[in-house]
Amino acid sequence: MVNYGLGMFHLVMGLIPPSLKSIIELVGFEGDLELGIKELTVAFESKCPRAAEAAIGLVAVKWFIQDDTEGALALLDRVSNAYPNSLVVTFFSGHFSKFTGNTPKSLEFFQSALKLASDNEFKEAVTRISCSLGTCAYLVNDWKTATTHLQNFLDVPVEETKMDYRPYSAYTLGLAYWHLDMEAGTDNHKAAITALYKEAKNWVRPDESYDAYALRKMNQFLSAGTWNPIECLVARSDALVGGQVFTKALEELEKFEEVANSTNLPTETVEEYKTIVLYLRGEARKGLKEYEEAQKLYKEAISRQATIKEETWVLPLAWFGLGEILSKQNDLVGARVQWENCKKSKGYDWEKVVDFKIFVIEQKAKLQLPQ
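Read on for a plain summary of the structure. (Residues numbered from 1 in each chain as written. Predicted model: local features only at pLDDT ≥ 70, side-chain atom pairs only at ≥ 80, totals over all residues. Heavy atoms only, no water.)

### What about the side chain of Thr90?
Put simply, the rule reads: Here a strand is any run of E in DSSP of at least two residues, a helix any run of H or I of at least four, and the numbering for each starts at the N terminus. Throughout, exposure labels follow a simple rule: accessible area from a 1.4 Å probe, protein chains only, divided by the maximum for the residue type, with under 20% read as buried, over 50% as exposed, and the rest as partly exposed. Residue contacts are counted whenever heavy atoms from the two residues lie within 4.5 Å of one another.
Relative to the assigned elements, Thr90 resides in helix H6 (residues 87-99). A relative accessible area of 4% places Thr90 in the buried class. When near neighbours in sequence (up to four residues on either side) are disregarded, Thr90 contacts Pro84, Phe109, Ser112, Ala113 and Leu116.

The structure is reproduced here in structure tokens:
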């Protein structure tokens, strides 16, 4: 137990940016990241009451700080086998599996976590896991599973939950219901989606990126009274990219011309969607580590800047994707040029998310870039 406490203390303190360390040390606190890792390792190996939590901390260190993906996955496999009945382990294993693109395994972990929470009557945990399970199912276009669990999450009264994820979950739940109706050739859920979106507008926190995006999209539906076919194609492809099902995403995106030709949308709207599709194709190719092709697609999307009217997030995210590729190729100067382009963009949906991602990457690279 002592090792766990010391390990977490040194881990957290060791992650404080250098610019703040002097202030923290003035009041008597010092952190040592390596010592924190050592103490957490002792806690895990000793099988103390906090061994499972110590192991999850170590997985996080390997994954997010040390970029040791293989080591993180190996430790995660070891931990999940050692603690199959630990709610903490199964829940976080679900998230780590999602990060690695192993969505089927992620769904298994979340299902196990949901059963453990339900069996032990951990009501708050059931609510949170239902959200994670529904979101994960949405990312692989499993509409039935997504609607079941997202609906369960949103059925919990607002006053009994935090607002986190509610507006965005409502937005994705509506899309999932819409896709179920598309598959069935009905509009059975249209009225329910409309009612849901009207209610969800009251949950939005304007300063939160996910909420702001969800609000804009829900307002689009409420204004048009429908999701147009290209919007559905883009939404499900974007979900697949988020779920790291890259090949399937590319297969969906190949349908763009066919779907576009079947609609009577204005030319400028179709052209904007085409730019979004180019960006998503770039994301999928990057996920498949086809970096040269991804760069071409990002650059083509950026060259079509004039087509962007509503979805202003496309250009900053394309620049961010280019920066990620250059950073993986150790061209940190080139990466920073792209990220500076992101920072110059203001007022788009995902601005805070992108800024935070850039900050994390630069911290991991220890900001070894010319100033």
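### Things to note about the packing of helix H13 (residues 229-242) against helix H14 (residues 246-253)
Our working rule: For helices, the axis comes from a line fit to the C-alpha atoms of the stretch in contact; other axes are also lines fit to C-alpha atoms, and the angle between any two N-to-C directions lies between 0 and 180 degrees. We call two directions roughly parallel when the angle between them is under 35 degrees, roughly antiparallel when it is over 145, roughly perpendicular when it lies between 65 and 115, and oblique otherwise. In this scheme the crossing of two helices becomes right-handed for a clockwise turn of the near helix relative to the far one and left-handed for an anticlockwise turn of less than a right angle. Nonpolar residues are Ala, Val, Leu, Ile, Met, Phe, Trp, Tyr, Cys and Pro. Charged residues are Asp, Glu, Lys and Arg, and all others, Gly as well, are polar.
Between H13 and H14, whose axes approach to 8 Å, the crossing angle comes to 165°. When the axes of H13 and H14 are compared, the pair comes out roughly antiparallel. Note on packing geometry: the crossing formed by H13 with H14 is left-handed. Across the interface between the two elements, Leu233, Arg236, Ser237, Leu240 and Val241 from H13 touch Phe246, Lys248, Ala249, Glu252 and Leu253 from H14. Considered class by class, the residues forming the contact of H13 with H14 number six nonpolar, one polar and three charged.

### What about helix H16 (residues 267-287)?
For the α-helix, the turn length of 3.6 residues means that residues three or four positions removed from each other point alike. Here is the rule: In this scheme, a helix's expected span is set at 1.5 Å multiplied by one less than its residue total.
The terminal C-alpha atoms of H16 lie 30 Å apart, and with 21 residues this matches the ideal 30 Å at 1.5 Å per residue to within 8%. Downstream of H16 by one or two residues, Lys289 has phi in the positive range, about 65°.

### Observations regarding the nonpolar core
Stated formally: As used here, the term nonpolar core means buried Ala, Val, Leu, Ile, Met, Phe, Trp, Tyr and Cys residues forming a set that is joined through side-chain atoms within 4.5 Å.
The biggest cluster of nonpolar side chains holds 78 residues, and the ones touching the most others in it are Tyr138, Tyr279 and Trp313. When residues of this core are assigned to their parent elements, the largest contribution, nine residues, is made by helix H18 (residues 314-328). Once you skip the residues sitting within four places of it in the chain, Tyr138 turns out to touch Trp143, Ala146, Thr172, Leu175, Ala176, Ala235 and Ala239. Ala72, Val79, Val89 and Phe96 belong to the second-largest nonpolar core, a separate cluster that totals 11 residues.

### Topic: the pattern of salt bridges
To keep it simple, the criterion reads: Any Lys or Arg side-chain nitrogen located within 4 Å of an Asp or Glu carboxyl oxygen qualifies as a salt bridge.
This structure, assessed with the given rule, holds 15 salt bridges. Of the charged contacts, one joins Glu231 and Lys217 as a salt bridge, the two residues approaching to 3.0 Å between their closest N and O atoms. Taken together, the positions of Glu231 in helix H13 and Lys217 in helix H12 (residues 209-224) put the pair 14 residues apart, joining distant regions of the chain. Take Glu231: its relative accessible area is 5%, and that puts it in the buried class. A relative accessible area of 2% means that Lys217 is categorised as buried. Here Lys286 makes a salt bridge to Glu283, at a shortest N to O gap of 3.2 Å. Within this pair, Lys286 and its partner Glu283 are both found in helix H16, separated by three residues, close to a single helical turn. Take Lys286: its relative accessible area is 13%, and that puts it in the buried class.

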